[in-house]
Amino acid sequence: MLPVTFAPVGGAPGFAIYIHWPFCKSKCPYCDFNSHVRERVDHARWRAALIRELDHYADLTAGRTVTSVFFGGGTPSLMEPATVGAVLDRIAERWPVAAGLEVSLEANPTSIEADKFRAFRSAGVNRVSLGIQALDDTSLRFLGRQHNAAEATGAIGLAATIFDRFSFDLIYARPGQSVAAWEAELTQALDHAVGHLSVYQLTIEEGTAFFPLHARGELVLPDEDLAGDLYEATQSLLGTAGLPAYEISNHARPGEESRHNLTYWRYGDYVGVGPGAHGRLTLDGEKFATRAHRAPEIWLERVERDGHGAAPPDPIDRAARGTELMMMGLRLTEGVPLARLTEESGRAPLDVLDPAALKRLVEGGFLEIDAERLRATHDGRQRLNAVLGALLA
(Lines give C-alpha, C1' and ligand atoms only; values in the text may rest on other atoms or scores of the structure.)
Protein backbone atom coordinates (compact mmCIF):
# COMPACT_ATOMS: atom_id res chain seq x y z
CA MET A 1 0.00 0.00 0.00
CA LEU A 2 1.40 3.37 -1.01
CA PRO A 3 1.01 6.15 1.55
CA VAL A 4 -1.31 8.99 0.67
CA THR A 5 -0.60 12.57 1.68
CA PHE A 6 -3.55 14.51 3.08
CA ALA A 7 -4.00 18.22 3.62
CA PRO A 8 -4.19 19.23 7.29
CA VAL A 9 -7.66 18.33 8.55
CA GLY A 10 -9.59 17.59 11.67
CA GLY A 11 -9.77 19.01 15.11
CA ALA A 12 -10.93 18.16 18.60
CA PRO A 13 -14.32 16.45 18.68
CA GLY A 14 -15.76 18.86 21.25
CA PHE A 15 -18.47 18.25 23.84
CA ALA A 16 -22.01 18.83 22.61
CA ILE A 17 -25.53 19.03 24.00
CA TYR A 18 -28.53 17.93 21.97
CA ILE A 19 -32.05 19.01 22.96
CA HIS A 20 -34.93 17.07 21.39
CA TRP A 21 -38.31 18.77 20.92
CA PRO A 22 -40.62 15.95 19.81
CA PHE A 23 -43.61 17.85 18.44
CA CYS A 24 -44.59 18.71 14.85
CA LYS A 25 -47.64 20.26 13.23
CA SER A 26 -47.92 17.19 11.01
CA LYS A 27 -45.94 14.03 10.32
CA CYS A 28 -44.06 14.04 7.01
CA PRO A 29 -44.57 10.79 5.07
CA TYR A 30 -40.81 10.08 4.77
CA CYS A 31 -39.93 10.84 8.40
CA ASP A 32 -38.95 8.11 10.86
CA PHE A 33 -37.68 10.49 13.55
CA ASN A 34 -39.20 10.56 17.02
CA SER A 35 -41.82 13.19 16.22
CA HIS A 36 -45.44 13.47 17.34
CA VAL A 37 -48.47 15.63 16.62
CA ARG A 38 -50.26 17.08 19.64
CA GLU A 39 -53.11 19.59 19.77
CA ARG A 40 -51.80 21.17 22.96
CA VAL A 41 -48.39 21.37 24.60
CA ASP A 42 -47.85 22.66 28.14
CA HIS A 43 -44.76 24.73 27.38
CA ALA A 44 -44.04 25.66 30.98
CA ARG A 45 -44.11 22.00 32.01
CA TRP A 46 -41.84 20.98 29.14
CA ARG A 47 -39.44 23.82 29.87
CA ALA A 48 -39.08 22.68 33.47
CA ALA A 49 -38.56 19.05 32.41
CA LEU A 50 -35.85 19.85 29.86
CA ILE A 51 -33.99 21.89 32.46
CA ARG A 52 -34.33 19.15 35.06
CA GLU A 53 -32.87 16.51 32.73
CA LEU A 54 -30.06 18.90 31.85
CA ASP A 55 -29.24 19.09 35.54
CA HIS A 56 -29.06 15.29 35.70
CA TYR A 57 -26.37 15.23 32.99
CA ALA A 58 -24.58 18.27 34.37
CA ASP A 59 -24.04 16.35 37.60
CA LEU A 60 -22.40 13.53 35.59
CA THR A 61 -20.18 15.73 33.41
CA ALA A 62 -19.20 18.62 35.65
CA GLY A 63 -16.33 20.70 34.31
CA ARG A 64 -16.66 19.69 30.66
CA THR A 65 -16.59 22.64 28.26
CA VAL A 66 -19.63 22.77 25.98
CA THR A 67 -18.71 23.56 22.37
CA SER A 68 -22.14 23.34 20.73
CA VAL A 69 -25.84 23.09 21.48
CA PHE A 70 -28.37 21.78 18.97
CA PHE A 71 -32.16 21.99 19.22
CA GLY A 72 -33.54 19.21 17.01
CA GLY A 73 -36.80 17.37 16.58
CA GLY A 74 -39.56 17.21 15.71
CA THR A 75 -39.88 20.89 14.98
CA PRO A 76 -37.96 22.95 17.55
CA SER A 77 -39.13 26.18 15.97
CA LEU A 78 -42.49 25.34 17.57
CA MET A 79 -40.83 25.87 20.96
CA GLU A 80 -41.43 29.11 22.78
CA PRO A 81 -38.28 31.25 22.47
CA ALA A 82 -38.42 31.63 26.25
CA THR A 83 -37.85 27.87 26.55
CA VAL A 84 -34.77 28.06 24.32
CA GLY A 85 -33.46 30.96 26.39
CA ALA A 86 -34.08 29.13 29.67
CA VAL A 87 -32.28 26.02 28.43
CA LEU A 88 -29.29 28.02 27.24
CA ASP A 89 -29.14 29.95 30.50
CA ARG A 90 -29.10 26.68 32.45
CA ILE A 91 -26.34 25.24 30.27
CA ALA A 92 -24.22 28.34 30.95
CA GLU A 93 -24.90 28.00 34.68
CA ARG A 94 -23.97 24.32 34.88
CA TRP A 95 -21.05 23.98 32.43
CA PRO A 96 -18.22 26.14 31.13
CA VAL A 97 -19.05 27.15 27.56
CA ALA A 98 -16.54 27.67 24.78
CA ALA A 99 -15.92 31.06 23.26
CA GLY A 100 -17.89 31.18 20.05
CA LEU A 101 -20.37 28.55 21.25
CA GLU A 102 -22.40 27.28 18.28
CA VAL A 103 -26.14 27.20 19.05
CA SER A 104 -28.21 25.68 16.25
CA LEU A 105 -31.97 25.30 15.94
CA GLU A 106 -33.90 23.38 13.30
CA ALA A 107 -36.81 25.33 11.84
CA ASN A 108 -39.58 24.92 9.35
CA PRO A 109 -39.98 27.81 6.91
CA THR A 110 -43.65 28.58 7.43
CA SER A 111 -44.36 32.26 7.79
CA ILE A 112 -45.63 31.87 11.38
CA GLU A 113 -42.41 30.22 12.55
CA ALA A 114 -40.18 32.54 10.54
CA ASP A 115 -41.66 35.47 12.47
CA LYS A 116 -40.13 33.94 15.60
CA PHE A 117 -36.58 34.02 14.21
CA ARG A 118 -35.71 37.32 15.87
CA ALA A 119 -36.92 36.04 19.23
CA PHE A 120 -34.82 32.88 18.86
CA ARG A 121 -31.81 35.04 18.02
CA SER A 122 -32.38 37.11 21.13
CA ALA A 123 -32.62 33.89 23.16
CA GLY A 124 -29.11 32.88 22.05
CA VAL A 125 -29.50 30.92 18.81
CA ASN A 126 -26.77 31.89 16.33
CA ARG A 127 -27.26 29.24 13.65
CA VAL A 128 -30.50 28.00 12.10
CA SER A 129 -31.04 24.89 9.97
CA LEU A 130 -34.09 25.16 7.72
CA GLY A 131 -36.07 22.12 6.56
CA ILE A 132 -36.65 23.33 3.00
CA GLN A 133 -36.47 19.85 1.32
CA ALA A 134 -37.49 21.05 -2.18
CA LEU A 135 -37.83 24.27 -4.15
CA ASP A 136 -40.97 23.55 -6.17
CA ASP A 137 -44.53 23.30 -4.91
CA THR A 138 -45.32 19.93 -6.49
CA SER A 139 -42.39 18.24 -4.76
CA LEU A 140 -43.19 19.96 -1.47
CA ARG A 141 -46.75 18.60 -1.58
CA PHE A 142 -45.42 15.11 -2.35
CA LEU A 143 -43.09 15.34 0.64
CA GLY A 144 -45.95 16.42 2.89
CA ARG A 145 -44.40 19.79 3.71
CA GLN A 146 -46.59 22.57 5.11
CA HIS A 147 -44.83 25.39 3.25
CA ASN A 148 -44.60 26.39 -0.40
CA ALA A 149 -41.56 27.38 -2.43
CA ALA A 150 -42.11 31.12 -1.95
CA GLU A 151 -42.27 30.69 1.83
CA ALA A 152 -39.10 28.60 1.66
CA THR A 153 -37.03 31.20 -0.13
CA GLY A 154 -38.52 33.95 2.00
CA ALA A 155 -37.52 32.15 5.20
CA ILE A 156 -33.97 31.65 3.87
CA GLY A 157 -33.71 35.34 3.10
CA LEU A 158 -34.98 36.27 6.56
CA ALA A 159 -32.58 33.85 8.24
CA ALA A 160 -29.69 35.40 6.35
CA THR A 161 -30.50 38.81 7.83
CA ILE A 162 -30.89 37.61 11.44
CA PHE A 163 -28.50 34.75 12.15
CA ASP A 164 -24.72 34.64 12.06
CA ARG A 165 -24.86 31.34 10.18
CA PHE A 166 -27.59 29.30 8.51
CA SER A 167 -28.08 26.14 6.49
CA PHE A 168 -30.94 24.40 4.75
CA ASP A 169 -31.80 20.86 3.71
CA LEU A 170 -32.85 19.41 0.36
CA ILE A 171 -34.02 15.89 -0.50
CA TYR A 172 -33.14 14.35 -3.86
CA ALA A 173 -33.79 11.06 -5.70
CA ARG A 174 -37.50 11.79 -5.62
CA PRO A 175 -39.80 9.80 -7.92
CA GLY A 176 -39.42 10.87 -11.53
CA GLN A 177 -36.53 13.24 -10.81
CA SER A 178 -33.96 13.54 -13.60
CA VAL A 179 -30.35 14.64 -13.30
CA ALA A 180 -31.10 17.78 -15.30
CA ALA A 181 -34.02 18.72 -13.05
CA TRP A 182 -31.94 18.15 -9.92
CA GLU A 183 -29.04 20.21 -11.30
CA ALA A 184 -31.47 23.05 -12.01
CA GLU A 185 -32.84 22.85 -8.46
CA LEU A 186 -29.34 22.82 -6.96
CA THR A 187 -28.39 25.82 -9.09
CA GLN A 188 -31.42 27.64 -7.72
CA ALA A 189 -30.43 26.60 -4.19
CA LEU A 190 -26.98 28.08 -4.70
CA ASP A 191 -28.60 31.48 -5.22
CA HIS A 192 -29.54 31.27 -1.53
CA ALA A 193 -26.93 29.03 0.14
CA VAL A 194 -24.16 31.04 1.78
CA GLY A 195 -22.02 28.70 3.82
CA HIS A 196 -23.69 25.32 4.31
CA LEU A 197 -26.10 23.02 2.49
CA SER A 198 -27.33 19.52 3.42
CA VAL A 199 -28.56 17.20 0.67
CA TYR A 200 -30.10 13.84 1.52
CA GLN A 201 -31.12 11.00 -0.73
CA LEU A 202 -34.76 10.01 -0.21
CA THR A 203 -34.92 6.63 1.49
CA ILE A 204 -37.98 4.61 2.47
CA GLU A 205 -38.01 3.70 6.15
CA GLU A 206 -40.27 1.19 7.86
CA GLY A 207 -42.97 2.83 9.93
CA THR A 208 -43.35 5.85 7.63
CA ALA A 209 -46.38 6.64 5.47
CA PHE A 210 -44.24 6.09 2.35
CA PHE A 211 -43.31 2.54 3.37
CA PRO A 212 -46.56 0.73 2.42
CA LEU A 213 -46.86 2.77 -0.79
CA HIS A 214 -43.35 1.71 -1.79
CA ALA A 215 -44.03 -1.91 -0.83
CA ARG A 216 -47.12 -1.97 -3.09
CA GLY A 217 -45.20 -0.42 -5.98
CA GLU A 218 -47.21 2.79 -5.85
CA LEU A 219 -44.13 4.86 -5.04
CA VAL A 220 -41.10 4.16 -7.23
CA LEU A 221 -37.74 5.75 -6.52
CA PRO A 222 -34.94 6.25 -9.05
CA ASP A 223 -33.00 3.05 -9.65
CA GLU A 224 -29.48 2.55 -8.30
CA ASP A 225 -27.76 3.85 -11.43
CA LEU A 226 -29.83 7.04 -11.56
CA ALA A 227 -29.42 7.58 -7.82
CA GLY A 228 -25.66 7.30 -8.33
CA ASP A 229 -25.79 9.84 -11.16
CA LEU A 230 -27.76 12.23 -8.94
CA TYR A 231 -25.15 11.84 -6.19
CA GLU A 232 -22.31 12.50 -8.64
CA ALA A 233 -24.09 15.57 -10.02
CA THR A 234 -24.48 16.87 -6.46
CA GLN A 235 -20.80 16.48 -5.64
CA SER A 236 -19.67 18.06 -8.88
CA LEU A 237 -21.99 21.05 -8.90
CA LEU A 238 -21.59 21.96 -5.23
CA GLY A 239 -17.85 21.35 -5.26
CA THR A 240 -17.43 23.66 -8.26
CA ALA A 241 -19.54 26.28 -6.47
CA GLY A 242 -17.19 26.26 -3.47
CA LEU A 243 -19.29 24.09 -1.16
CA PRO A 244 -17.42 20.77 -1.23
CA ALA A 245 -18.66 17.79 0.74
CA TYR A 246 -17.10 17.46 4.18
CA GLU A 247 -19.45 14.55 4.99
CA ILE A 248 -21.50 12.26 2.78
CA SER A 249 -24.58 14.51 2.77
CA ASN A 250 -23.20 17.83 4.00
CA HIS A 251 -21.45 20.56 2.06
CA ALA A 252 -19.83 23.73 3.34
CA ARG A 253 -17.37 26.44 2.61
CA PRO A 254 -14.21 25.99 4.71
CA GLY A 255 -14.95 27.03 8.28
CA GLU A 256 -18.73 26.80 7.86
CA GLU A 257 -19.07 23.12 8.77
CA SER A 258 -21.61 22.23 11.48
CA ARG A 259 -19.46 22.06 14.61
CA HIS A 260 -22.17 20.16 16.44
CA ASN A 261 -22.46 17.42 13.84
CA LEU A 262 -18.68 17.19 13.62
CA THR A 263 -18.77 16.17 17.27
CA TYR A 264 -20.88 13.15 16.31
CA TRP A 265 -18.80 12.22 13.29
CA ARG A 266 -15.53 12.63 15.19
CA TYR A 267 -16.96 10.37 17.90
CA GLY A 268 -16.92 13.01 20.59
CA ASP A 269 -19.04 12.99 23.72
CA TYR A 270 -22.50 14.50 23.69
CA VAL A 271 -25.44 14.77 26.06
CA GLY A 272 -28.89 13.90 24.71
CA VAL A 273 -31.86 15.56 26.45
CA GLY A 274 -35.54 15.01 25.66
CA PRO A 275 -37.74 12.12 24.49
CA GLY A 276 -35.84 9.54 22.47
CA ALA A 277 -32.58 11.49 22.65
CA HIS A 278 -29.37 9.46 22.50
CA GLY A 279 -25.97 10.36 23.91
CA ARG A 280 -22.39 9.15 24.22
CA LEU A 281 -20.51 9.94 27.43
CA THR A 282 -17.05 9.03 28.62
CA LEU A 283 -17.12 8.69 32.42
CA ASP A 284 -14.08 7.59 34.43
CA GLY A 285 -12.43 6.29 31.27
CA GLU A 286 -15.40 4.18 30.17
CA LYS A 287 -17.77 5.12 27.36
CA PHE A 288 -21.53 4.78 27.78
CA ALA A 289 -24.50 5.01 25.44
CA THR A 290 -27.47 6.88 26.86
CA ARG A 291 -31.01 6.96 25.54
CA ALA A 292 -34.27 8.44 26.78
CA HIS A 293 -37.76 6.97 26.56
CA ARG A 294 -39.29 7.79 23.17
CA ALA A 295 -42.91 8.50 24.18
CA PRO A 296 -43.19 12.19 25.11
CA GLU A 297 -45.71 11.78 27.90
CA ILE A 298 -43.88 8.88 29.53
CA TRP A 299 -40.56 10.76 29.29
CA LEU A 300 -42.18 13.81 30.90
CA GLU A 301 -43.62 11.78 33.78
CA ARG A 302 -40.29 10.06 34.41
CA VAL A 303 -38.37 13.33 34.48
CA GLU A 304 -40.82 14.79 36.95
CA ARG A 305 -40.57 11.65 39.10
CA ASP A 306 -36.87 10.73 38.78
CA GLY A 307 -35.08 13.81 37.46
CA HIS A 308 -34.47 12.25 34.04
CA GLY A 309 -36.23 10.08 31.46
CA ALA A 310 -33.26 7.93 30.52
CA ALA A 311 -32.80 4.18 30.63
CA PRO A 312 -29.75 2.90 32.55
CA PRO A 313 -26.58 3.81 30.59
CA ASP A 314 -25.18 0.99 28.44
CA PRO A 315 -21.40 0.47 28.62
CA ILE A 316 -19.73 0.31 25.21
CA ASP A 317 -16.87 -2.18 25.12
CA ARG A 318 -13.58 -1.28 23.47
CA ALA A 319 -14.23 -3.29 20.29
CA ALA A 320 -17.60 -1.58 19.79
CA ARG A 321 -16.00 1.81 20.42
CA GLY A 322 -13.57 1.18 17.58
CA THR A 323 -16.39 0.09 15.30
CA GLU A 324 -18.53 3.13 16.12
CA LEU A 325 -15.58 5.45 15.51
CA MET A 326 -15.05 3.92 12.06
CA MET A 327 -18.74 4.02 11.15
CA MET A 328 -18.95 7.70 12.02
CA GLY A 329 -15.51 8.94 11.01
CA LEU A 330 -15.39 7.43 7.53
CA ARG A 331 -18.43 9.52 6.63
CA LEU A 332 -16.12 12.54 6.77
CA THR A 333 -13.77 13.51 3.96
CA GLU A 334 -11.08 14.00 6.63
CA GLY A 335 -11.44 10.37 7.70
CA VAL A 336 -10.33 8.75 10.96
CA PRO A 337 -7.07 9.46 12.83
CA LEU A 338 -5.41 6.12 13.48
CA ALA A 339 -4.37 7.33 16.94
CA ARG A 340 -8.06 7.78 17.81
CA LEU A 341 -8.78 4.24 16.65
CA THR A 342 -6.13 2.95 19.03
CA GLU A 343 -7.40 5.19 21.82
CA GLU A 344 -11.00 4.02 21.50
CA SER A 345 -10.42 0.33 20.73
CA GLY A 346 -7.36 -0.23 22.88
CA ARG A 347 -5.70 -2.04 19.98
CA ALA A 348 -3.40 -1.24 17.08
CA PRO A 349 -5.31 -0.30 13.89
CA LEU A 350 -4.38 -3.47 12.01
CA ASP A 351 -5.68 -5.51 14.93
CA VAL A 352 -9.06 -3.78 14.54
CA LEU A 353 -9.29 -3.78 10.75
CA ASP A 354 -9.13 -6.78 8.43
CA PRO A 355 -5.70 -6.32 6.77
CA ALA A 356 -6.62 -8.28 3.64
CA ALA A 357 -9.85 -6.34 3.20
CA LEU A 358 -8.03 -3.07 3.83
CA LYS A 359 -5.52 -3.93 1.09
CA ARG A 360 -8.32 -4.79 -1.38
CA LEU A 361 -10.25 -1.61 -0.58
CA VAL A 362 -7.18 0.60 -0.98
CA GLU A 363 -6.21 -1.06 -4.25
CA GLY A 364 -9.82 -0.79 -5.44
CA GLY A 365 -9.80 2.96 -4.86
CA PHE A 366 -12.30 2.99 -1.97
CA LEU A 367 -9.94 3.81 0.91
CA GLU A 368 -6.73 5.77 1.41
CA ILE A 369 -4.31 5.38 4.29
CA ASP A 370 -1.09 6.92 5.51
CA ALA A 371 0.80 6.80 8.79
CA GLU A 372 -1.74 9.05 10.54
CA ARG A 373 -5.16 8.64 8.99
CA LEU A 374 -7.59 6.35 7.18
CA ARG A 375 -10.26 7.85 4.98
CA ALA A 376 -12.80 6.81 2.40
CA THR A 377 -12.32 8.14 -1.11
CA HIS A 378 -15.11 9.78 -3.11
CA ASP A 379 -16.11 6.34 -4.44
CA GLY A 380 -15.76 4.80 -1.00
CA ARG A 381 -18.09 7.31 0.65
CA GLN A 382 -20.71 6.65 -2.01
CA ARG A 383 -20.56 2.94 -1.12
CA LEU A 384 -19.75 3.32 2.57
CA ASN A 385 -22.06 0.61 3.88
CA ALA A 386 -20.36 -1.98 1.66
CA VAL A 387 -16.91 -0.64 2.54
CA LEU A 388 -17.60 -0.89 6.28
CA GLY A 389 -19.11 -4.33 5.87
CA ALA A 390 -15.90 -5.56 4.27
CA LEU A 391 -13.49 -3.66 6.50
CA LEU A 392 -15.04 -4.54 9.85
CA ALA A 393 -16.11 -8.11 9.06
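The structure reproduced in this document is the subject of the present report.

What counts as what
Sequence order as written defines the numbering, with residues in each chain counted from 1. In view of the model being predicted, local features appear only for residues whose pLDDT reaches at least 70, and side-chain atom pairs are presented and counted only at 80 or more, with totals across whole chains, interfaces and linings using the full set of residues. Derived side-chain values reflect all non-hydrogen atoms in the structure, with water molecules and hydrogen atoms excluded from consideration. Secondary structure elements are defined from DSSP: runs of H or I of at least 4 residues count as helices, runs of E of at least 2 residues count as strands, and each element is numbered from the N terminus. We compute the radius of gyration over the C-alpha atoms and compare it with the globule rule, which gives 2.2 Å times the number of residues raised to the power 0.38. When accessible area is computed with a 1.4 Å probe and restricted to protein chains, residues below 20% of their type maximum are described as buried, those above 50% as exposed, and intermediate ones as partly exposed. Two strands qualify as a pair provided DSSP detects at least 2 bridges between them. We call two residues contacting when some pair of their heavy atoms lies within 4.5 Å. The axes used here are C-alpha line fits, helices contributing only the stretch in contact, and every angle between their N-to-C directions lies in the interval 0 to 180 degrees. Residues grouped as a nonpolar core are buried Ala, Val, Leu, Ile, Met, Phe, Trp, Tyr and Cys residues, joined through side-chain atoms within 4.5 Å. Two cysteine sulfurs form what is called a disulfide whenever their separation falls within 2.5 Å. Should a side-chain nitrogen of Lys or Arg be within 4 Å of a carboxyl oxygen of Asp or Glu, the pair is scored as a salt bridge.

## Quick word on the overall build of the protein
For step 1, the next point in the chain: Each helix and strand counted, the protein has 17 helices and 17 strands in total.
For step 2, the next point in the chain: Whereas a compact globule of 393 residues would reach a radius of gyration of roughly 21 Å, the protein reaches 21 Å, a difference of no more than 12%.
For step 3, the next point in the chain: Seen through its principal axes, the protein has C-alpha atoms that stretch 60 × 55 × 45 Å.
For step 4, the next point in the chain: Of all 393 residues assigned to the protein, the portion counted as buried reaches 51%.

## Quick word on the sheet that holds strand β16 (residues 367–369)
For step 1, the next point in the chain: The strand order β15-β17-β16 describes an open sheet built from three strands, whose pairing is antiparallel. Both outer strands of the open sheet, β15 (336–337) and β16, are each paired with one neighbouring strand and no more.
For step 2, the next point in the chain: When β15 meets strand β17 (residues 373–376), the two strands line up antiparallel, connected through two bridges. Note on β17: the bridge partner recorded for Pro337 is Arg373.
For step 3, the next point in the chain: Along the sheet, helix α15 (residues 355–363) contacts β16 and β17; its crossing angle with β16, the most-contacted strand, is approximately 110°.

## Here's the deal with the nonpolar core
For step 1, the next point in the chain: Counting residues in hydrophobic clusters, the biggest one holds 63 residues, and the most contacted among them are Val69, Phe71, Phe168 and Leu170.
For step 2, the next point in the chain: The element best represented in this core is helix α1 (residues 43–60), accounting for seven residues.
For step 3, the next point in the chain: When near neighbours in sequence (up to four residues on either side) are disregarded, Phe71 contacts Ile19, Pro76, Met79, Val84, Val87, Leu88, Val103, Ser104, Leu105 and Glu106.
For step 4, the next point in the chain: Counting 23 residues, the second largest nonpolar core, distinct from the first, contains Tyr267, Ala289, Ile316 and Leu367.

## Overview of the state of the cysteines
For step 1, the next point in the chain: With the rule as written, the count across this model stands at zero disulfides.
For step 2, the next point in the chain: For the unlinked cysteine Cys24, the closest cysteine sulfur is that of Cys31, found at 6.4 Å.
For step 3, the next point in the chain: Since its relative accessible area comes to 12%, Cys24 is described here as buried.
For step 4, the next point in the chain: Residue Cys28 stays outside any disulfide, its sulfur separated by 6.2 Å from that of Cys31, the closest cysteine.
For step 5, the next point in the chain: Judged by relative accessible area, Cys28 falls into the buried class, the value being 11%.

## Describing unusual backbone geometry
Phi is mostly negative for residues that are not glycine, and the peptide bonds are mostly trans.
For step 1, the next point in the chain: Residue Gly74 is reached from Gly73 by a cis peptide bond, and omega for that bond is 25°.
For step 2, the next point in the chain: Of note, the phi angle at Tyr267 is positive, near 60°, even though the residue is not glycine.
For step 3, the next point in the chain: Counting through the fold element by element, Tyr267 comes out in the loop between α10 (259–265) and β11 (269–273).
For step 4, the next point in the chain: Accessibility expressed as a relative area gives 4% for Tyr267, which makes it buried.
For step 5, the next point in the chain: A positive phi is found at Asp284, a non-glycine position, where the angle reads about 55°.
For step 6, the next point in the chain: Mapped onto the elements, Asp284 comes out in the loop between β12 (278–283) and β13 (286–291).

## Quick look at the pattern of salt bridges
For step 1, the next point in the chain: Under the defined criterion, the tally for this structure stands at 26 salt bridges.
For step 2, the next point in the chain: Between Glu297 and Arg38 there is a salt bridge, with its nearest N and O atoms 2.7 Å apart. Note that Glu297 is positioned in helix α11 (residues 296–306) and Arg38 in the loop between β3 (36–37) and α1, a separation of 259 residues in sequence.
For step 3, the next point in the chain: Of the residues examined, Glu297 reaches a relative accessible area of 37% and is grouped as partly exposed.
For step 4, the next point in the chain: For Arg38, a relative accessible area of 32% gives the class partly exposed.
For step 5, the next point in the chain: With a shortest N-O distance of 3.8 Å, Glu93 and Arg90 are connected by a salt bridge. Taken as a pair, Glu93 and Arg90 lie in helix α2 (residues 81–94) at a separation of three residues, close to a single helical turn.
For step 6, the next point in the chain: When salt bridges that share partners are traced, they join Arg64, Asp269, Lys287, Arg321, Arg340, Glu343 and Glu344 into one network.

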